[in-house]
Amino acid sequence: MTMRRTDIRNIAIIAHVDHGKTTLVDAILKQTHVHRNIESMGERILDSMDQERERGITIKAKNASVVYKGVKINIVDTPGHADFGGEVERTLRMVDGVLLLVDAKEGPMPQTTFVLRKALGLGHKAIVVINKIDRPDAQIEDMVNRTFDLFGHLGASDDQLDFPIVYTSALQGTASLDPEKPGADITPLLDTILGKIPPPAIGQDRPLQLLVLALAHDPYKGKMGIGKLLSSTLTKRQALVRIKTDGTLVPGKATDLLVFEGLERKEVDQVEAGEIVAVAGFPEIMIGETLADPEQPVPVPPVAIDEPTVQMTFSVNTSPFAGREGKYVTSRHLRERLYKELETNVSLRAEETDSTDQFLVAGRGELHLAVLIEAMRREGYELQVSQPKVILREADGVTLEPYEELTIEVPVEFQGPVIEEVGRRRGKLRHMKLTIHGDLHVEYHIPTRGVIGLKNALLTKTKGTVILYHMFACYEKADPRAFEVEPHGSLIAYETGTSSAYGLNIAQERGALFIGPGVEVYQGMVVGENARDEDLDVNVCKAKHLTNMRASGSDEAIVLTPPREMTLEFALEYIGPDEVVEVTPASIRIRKRLLEPEERRKARKTR
C-alpha cells in the first residue's frame, strides 16, 4: 500500500549554468530565516567550495531545507553544467519534483535540455520558473512558448505538460504568478511548491529501503550515506544490512541519523519514510548501494550514470623542478587521491596503466577533469597531465566516437571566422538565426574531439566576444578524416635559468609569451606560442652584457607585451600530443615530453 506524507516536499532546482539557481535558493533561505545570521552570509550561500565561488558555477549538489506553513521543504541545488551531470542524475532520484529555471532573456539552453530530459524520464512534475524578469531585454512570452516546445520535444506526458509557471527575480527575491504584477517576496513560489509538487510516496507495507545517492564525511561520525528513506521507519542504532552493487550483504548498525535542517545537519533518533537522511555506521558505504532490513534485504535498482567521454593521463611530475612546490608528489599519493575521488565523483573513471607512475582518468569533459586537477593542486598535490583525448567505442565492428551539441552566439561581423573554424573541425550546422540584439545564434552537431581547443581558437578570432556552450549528445560512427585544425608552434626555453627582459624582448618578436621577466624556466619548458606552426627554441634567459663601448642598461627602454595568463583550462586546451601540463600548488607550466632539443629532432625524424 502506497501513501503520501503531506508534511514534507523534496525538490531539486535544475537549470542551465548561470540562470540563477543558487541565487534563487539564497532568496528562499533568507526569507524563511533558516539561520540567525543569514543576512550576513553574502551571496550564493550554498556555493561553499572555493572553485564554485571563483568560477561562478555550482559543481557539487547541495542540500538545505526550509519550513513553510508547517511543511518541511528539502531543497537540492544542482549543477547546471553538463560536465557535472553525474551529480544531477543521482540527485534527481532523491526528490519528487523539480523547479526548472529559465532565463527570461536566453530561454532554454543546451544544458536546460539535458537536465530536463533526466527529470522527465524519472516522471517528475516540474514547476517552470521564468527568472530575471526585471531585465530590460526580457522576452517572457517567447521564453514560455519555447519552454513548452522543449517539454513537447522531450516527450513529456500530458500531466507534465500542464506545468505551472512562476515569474521571479531571484536577485531581488521576488516571485509572482503574473508577469505584469511584480511580486513583493518569494511566497508565491513557495505556495506553488506546496500545491503542485507531490508529497513523497511511502511504501507502508514494504521493508525498509534507502538508496545511497551521496556521501558525507564527519570527523567524529565518519563516512555517511545520504539518500531518501523509501519505506518503513529508521531508528538510531537499528540493525541494517548494506547491499553492495554486486549483491553482497554486509551487516551493520545505524550509529547516527542526521536530517537537513536549514543549512545544517541535525541529529535525530528516528526518521519516517519520505525524508532525506544521512546514515552513519557503515565506513565502507558507496554511492549506488542500498541500506535495507536484515530480515527482508531487497535492493533498490542503482542509478544509471552516463559514461565519460574524455580521458587524459595523470602521472608523477618528472620535470627538473619536480618536488619543489608540492606536498604530495609520489605515485602512491596520486593513486590514493584518485581512488578516493571515485567514491563520490560517480561520473569519473580511473584505472592503472602499465607504468606504476601513470593513471588513465576519464570524465564527462575537459571542465570535469580540470576541476579535479585544480582541487588536487590546492590540496598540495604535484602532478603532470597529458592532452585530453576522446574515448572511442566499438560496436558491431564499427568504431564510434562521441558527438556534442554546440551552441555559439557571436556578433555578426565575426560569423565568417567562426563558421570556417567550426567547419574545419567537422561541425554540421543544425540551426542559425539572428537574436533580437542582432547577434548570430548558431547550433552545430560536432565530434567531441573538434570541441577540444575550440574555445581558445574562437576567442582569438572574435576578440573575446564569443559565447559558446556544448554538451554530450551521443556516440556515432567515427569520422576517419583527420581534422584540419591549424597546428600550433611553441616557443621553447633553450636553457635553464631566470627569464630576463632582454631575452623576452627578442623572443616576443616571434610570437605571444606565456611568462614575464624574473621567472625560473628550464630547458624544454614552453614559454610562448610561435606565430608560425613550428616549434622554436628561444633563449629567454639571455642578458645584455657590459662592453667597453657602453653600459649594459644604456639602450632604449625595453617594452614587453603583457604575457598571456596561464590558466589550467587554457593549458589543457593549448597542449599538443608531445606536450604535458605540469601542475603544482604554486605554478602551472607547459613543457615538452622530451626536454632536450636534440631528442625532439630525432623524434620528429622517426615519425
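Please read these numbers as outputs of a predicted model, since none were measured by experiment.

Novice: Which residues make up the overall build of the chain, and what values do they have?
Specialist: Looking only at helices and strands, one finds 15 helices and 38 strands in the chain. Of all 607 residues assigned to the chain, the portion counted as buried reaches 53%. Working note: accessible area of the chain is about 27,500 Å², and carbon and sulfur atoms make up 49% of it.

Novice: So what about the pattern of salt bridges? Which residues, and what values?
Specialist: The full count for this structure, using the stated rule, is 33 salt bridges. One salt bridge in this structure joins Glu289 and Arg242, with 2.6 Å as the shortest N-O distance. On the criterion of sequence distance, the pair formed by Glu289 in the loop between strand E19 (276–280) and strand E20 (290–292) and Arg242 in strand E14 (residues 239–243) is long-range, its members being 47 residues apart. Among the residues examined, Arg242 registers a relative accessible area of 7% and is labelled buried. Residues participating in the shared-partner salt-bridge network are Glu420, Glu421, Arg424, Arg425 and Lys461.

Novice: Residues and numbers for the sheet that holds strand E5 (residues 97–103), please.
Specialist: Reading across the sheet, the 7 strands line up as E3-E4-E2-E5-E6-E7-E8 and stay open at both edges, with mixed pairing between neighbours. The sheet is open, and its two edges are formed by strand E3 (62–68) and strand E8 (174–176), each paired on a single side. Averaged over all pairs of adjacent strands, the angle between their axes in this sheet comes to 30 degrees, without regard to strand direction. Sheet topology places E3 next to strand E4 (residues 71–77); 7 bridges connect them, and they run antiparallel. Note that in E4 the partner of Tyr68 across the bridge is Val71. Along the sheet, helix H4 (residues 110–121) contacts strand E2 (8–15) and E5; its crossing angle with E2, the most-contacted strand, is approximately 150 degrees.

Novice: Let's hear about a nonpolar patch on the surface: which residues, and what values?
Specialist: There is a patch of nonpolar side chains on the surface, built from Ile419, Leu429 and Met432 and spanning about 240 Å² of accessible area. Structurally, the position occupied by Met432 is in strand E28 (residues 428–434).

Novice: Report on the side chain of Thr168, specifying residues and quantitative values.
Specialist: Turning to its location among the elements, Thr168 is positioned in strand E7 (residues 165–169). Not counting the four nearest positions on each side in its chain, Thr168 is found in contact with Leu24, Val129, Ile130, Asn131, Lys132, Ile133, Thr174 and Ala175.

Novice: How would you summarise the nonpolar core if you had to cite specific residues and measurements?
Specialist: Most often, soluble globular proteins keep nonpolar side chains buried together rather than apart. Counting 63 residues, the largest nonpolar core has Ile130, Phe151 and Val279 as the members making the most contacts within it. With residues near it in sequence (within four places) discarded, Ile130 still touches Val102, Ala104, Ile140, Val144, Ile165, Val166, Tyr167 and Thr168. Counting 30 residues, the second-largest nonpolar core is a separate cluster that includes Phe314, Leu348, Ala350 and Val361.

Novice: Can you explain the pairing of strand E35 (residues 525–530)? Please cite residues and give values.
Specialist: Buried residues dominate E35, accounting for 5 of its 6 residues. Sheet topology note: the strand E31 (residues 489–493)/E35 ladder contains 4 bridges and is antiparallel. Bridging across to E35, Leu491 finds its partner in Gly528. Where strand E33 (residues 511–513) meets E35, 3 bridges bridge the pair, whose relative direction is antiparallel. Looking at E35, one finds that Gly511 is bridged to Asn530.

Novice: Describe the packing of aromatic side chains, listing the residues and the values that go with them.
Specialist: For the coordinates displayed, the defined rule picks out 8 aromatic pairs. Taking the centre distance of 4.9 Å and the plane angle of 85 degrees together, the rings of Phe321 and Tyr522 count as edge-to-face. Residue Phe321 is found in the loop between strand E21 (310–315) and helix H8 (331–344), and its partner Tyr522 is found in the loop between strand E34 (520–521) and E35; the two are separated by 201 residues along the sequence. You'll find Phe321 and Tyr522 in the same group, each marked buried. For the pair Phe570 and Tyr574, a centre-to-centre distance of 5.7 Å together with 25 degrees between the ring planes defines the contact as stacked. Remark: Tyr574 and Phe570 occur in helix H14 (residues 568–574); sequence separation between them is 4 residues, near one turn of the helix. Accessibility classification places Phe570 together with Tyr574 in one group, the buried group. Arg324 extends its terminal NZ or CZ atom over the ring of Phe321, reaching a point 4.1 Å from the ring centre.

Novice: Tell me about the environment of Pro297, and name the residues and values.
Specialist: Residue position: Pro297 is located in the loop between E20 and E21. Spatially, the C-alpha atoms of Pro297 and Pro207 are 7.8 Å apart, while their sequence positions differ by 90 residues.

Novice: With reference to specific residues and values, describe the packing of helix H10 (residues 415–424) against helix H12 (residues 454–461).
Specialist: In the contact formed by H10 and H12, the axes pass within 10 Å of each other and the chain directions differ by 155 degrees. One way to sum up the angle between H10 and H12 is to call them roughly antiparallel. H12 is crossed by H10, and the crossing has right-handed handedness. Across the interface between the two elements, Pro417, Val418, Glu421 and Val422 of H10 pack against Leu454, Ala457, Leu458 and Lys461 of H12.

Novice: Kindly report on the packing of H8 against helix H9 (residues 366–378), identifying the contributing residues and their values.
Specialist: One way to put it is that H8 packs onto H9 with a least axis distance of 12 Å and a crossing angle of 130 degrees. In terms of orientation, H8 lies oblique with respect to H9. Taken as a pair, H8 and H9 cross one another with a handedness that is right-handed. In this structure, H8 contributes Leu334, Arg337, Leu338 and Glu341 to the contact, and H9 contributes Leu372, Ala375 and Met376. Grouping the amino acids of the contact of H8 with H9 by side-chain chemistry returns 5 nonpolar, no polar and 2 charged.

Novice: Account for the environment of Ala362, with residues named and values stated.
Specialist: Structurally, the position occupied by Ala362 is in strand E23 (residues 358–363). The exposure class assigned to Ala362 is buried, which follows from its relative accessible area of 7%. Here the alpha-carbon distance between Ala362 and Ala350, two residues 12 residues apart in the chain, equals 6.3 Å. For Ala362, the contacting residues outside a window of four places in its chain are Pro308, Val310, Gln311, Ser347, Leu348, Arg349, Leu369 and Ile391.

Novice: If you had to explain the environment of Gln508 to someone new, which residues and values would you point to?
Specialist: The topology assignment puts Gln508 in the loop between helix H13 (501–507) and E33. On a C-alpha basis, the gap between Gln508 and Thr561 in space is 7.6 Å, while along the polypeptide they are 53 residues apart. With residues up to four places along the chain from it excluded, the contact list for Gln508 reads Leu513, Val559, Leu560 and Thr561.

Novice: Got a sec to walk through the confidence of the model for the chain? Specific residues and values, please.
Specialist: Of all residues in the chain, 90% have pLDDT values of 70 or greater, and the mean over the chain is 84. Across residues 36–48 the pLDDT falls below 50, and counting only partners more than four positions away or on other chains, this stretch makes 36 contacts in the model.

Cut-offs and rules
- Residues numbered from 1 in each chain as written.
- Predicted model: local features only at pLDDT ≥ 70, side-chain atom pairs only at ≥ 80, totals over all residues.
- Heavy atoms only, no water.
- Helix = DSSP H or I, 4+ residues; strand = E, 2+ residues; numbered from the N terminus.
- Buried < 20%, exposed > 50% of the residue type's maximum accessible area, 1.4 Å probe, protein only.
- Areas by Shrake-Rupley, 256 points an atom, 1.4 Å probe, with all protein chains shown as cover.
- Salt bridge = Lys/Arg side-chain N within 4 Å of Asp/Glu carboxyl O.
- Pairing = 2+ DSSP bridges.
- Axes fitted to C-alpha atoms, helices over the stretch in contact; angles between N-to-C directions.
- Contact = heavy atoms within 4.5 Å.
- Patch = residues over 30% accessible without salt bridge, like charges linked within 9 Å, V, L, I, M, F, W, Y side chains within 5 Å.
- Core = buried A, V, L, I, M, F, W, Y, C linked by side-chain atoms within 4.5 Å.
- Phe/Tyr/Trp six-rings, centres within 6.5 Å; stacked < 30°, edge-to-face > 60°.
- Lys NZ or Arg CZ within 6 Å of the ring centre and 35° of its normal.
- Parallel < 35°, antiparallel > 145°, perpendicular 65-115°, else oblique.
- Left-handed = near helix turned anticlockwise from the far one by under 90°.
- Nonpolar A, V, L, I, M, F, W, Y, C, P; charged D, E, K, R; others polar.
- pLDDT = per-residue confidence, 0-100.

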